[in-house]
Amino acid sequence: MSREKRLIPYKVLEVMETPKEKIPEGVVLIKAPEIWEPSNYGEGVVIAVIDTGIDKGHPDLKDRIIDGKDFTETGDYHDDNGHGTHVSGTVLATINNDVGVVGVAPKASILALKALNGKGQGDINWINGALEYAINWQGPQGEKVSIISLSLGGPPDDREHELIQKAIQNNILVVCAAGNSGDGRHDTDELDYPGAYPEVVAVGAVDLSRNMADFSNTNDEIDLVAPGVEILSTYPGSKYAKLSGTSMATPHVSGAAALLKIIMEREFGRKLTEAELYAQLVKNTEDLGINKKAQGNGLLNLAMVEHGAKNEIRITIESDSLQLPSKTMVVEY
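Figured I'd write up the structure that's included with this text. (Residues numbered from 1 in each chain as written. Predicted model: local features only at pLDDT ≥ 70, side-chain atom pairs only at ≥ 80, totals over all residues. Heavy atoms only, no water.)

1. A closer look at the environment of phenylalanine 71
Now for step 1: Relative to the assigned elements, phenylalanine 71 resides in the loop between β4 (65–70) and α2 (83–92).
Now for step 2: Its relative accessible area of 15% is what places phenylalanine 71 among the buried residues.
Now for step 3: Counting along the chain gives 54 residues from phenylalanine 71 to asparagine 125, while the straight-line C-alpha distance between them is 8.7 Å. (Helix = DSSP H or I, 4+ residues; strand = E, 2+ residues; numbered from the N terminus. Buried < 20%, exposed > 50% of the residue type's maximum accessible area, 1.4 Å probe, protein only.)

Written as structure tokens, this is what we have:
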């Protein structure tokens, strides 16, 4: 069996110089801006991105990096491919710096773990080393990783699977790209790992018009879909690029999980378990009316969080004949 993982094949559609700050269409499509204020923009949540590294000097990313480590034996977690920088920008590109783009959770923090080299390839030991590091990592103020984001794929590996299970036991949500081997048919199965492990959040891709991307893998493990076609984000050299792939859909979900975690932990008055955070993601999806093997629970839609408990019905009950006092009940929905 192969000992190598790789970037899930993706397309670089356009590379550009610094644009004026804008919210990318994918971030708008999942309605992330509608819950930025109640979620405090994701501040305080640490997301480990296991990928090709990150452009450490990028103006939209440099202030979001809490730590990083190289597992590829190059000695530096700086991105020499581009994929990791693009994924990271979708998760948490900085807001209010007047240039570039804005990520889904623009005040969250990233633990940048380089486990794939400049060719987008990585020995399974590199991936597993990064997973174990993310599970055990502790920040300068005692911070811990809440979410691991993986936009890579390959054959299954027993140790990788064990580490993902360990992460979940430590209440770390693991979000993975479903894969780009789709044939445009919803009745066939395409499997890439770690995305096909049952414990992870497997993310498929739609375009910006909410149509399924033909390349998106379909199988019974798909949990939800997010934008993954012509996604604008950060790119090495302080540049920006549009890329397509389930790799681009995955960080939308990773960032969304950070926002949901803050909102729901405040509402519950305690820390969420991994299962509870997963349930919140699934709860905030919109059925696209297509095969579940393609869309899972549906398209991520964070506007449903804001409106989830905003509506209420007031019911007043009283009875003179039974001598019951007037009583009003409030039902939220």
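From this point, the narrative continues.
2. A look at helix α5 (residues 246–268)
Now for step 1: The end-to-end C-alpha separation of α5 is 32 Å, in line with the 33 Å expected for 23 residues at 1.5 Å each.
Now for step 2: Counted residue by residue, α5 has 20 buried out of 23 residues, so it is predominantly covered.
Now for step 3: Glycine 269 sits one or two residues past α5 and shows a positive phi near 75°. (Expected span 1.5 Å × (residues − 1).)

3. Things to note about the environment of alanine 130
Now for step 1: Secondary-structure assignment places alanine 130 in helix α3 (residues 124–136).
Now for step 2: Each C-alpha atom, one on alanine 130 and one on leucine 113, is 6.2 Å from the other, the two residues being 17 residues apart in sequence.
Now for step 3: In contact with alanine 130, other than residues within four places in its own chain, are Ile50, Phe71, Leu113 and Ala115. (Contact = heavy atoms within 4.5 Å.)

4. Overview of the sheet that holds strand β1 (residues 4–7)
Now for step 1: If you trace the three strands from one edge of the open sheet to the other, you get β6-β1-β8, paired in antiparallel fashion. Edge positions in the sheet fall to β6 (121–123) and β8 (152–153), since each has one partner strand and no second.
Now for step 2: With three bridges connecting them, β1 and β6 associate as antiparallel partners. By the bridge assignment, lysine 5 is partnered in β6 with glycine 122.
Now for step 3: In the packing of α3 onto the sheet, the strands contacted are β1, β6 and β8, and the crossing angle to β6 comes to about 80°. (Pairing = 2+ DSSP bridges. Axes fitted to C-alpha atoms, helices over the stretch in contact; angles between N-to-C directions.)

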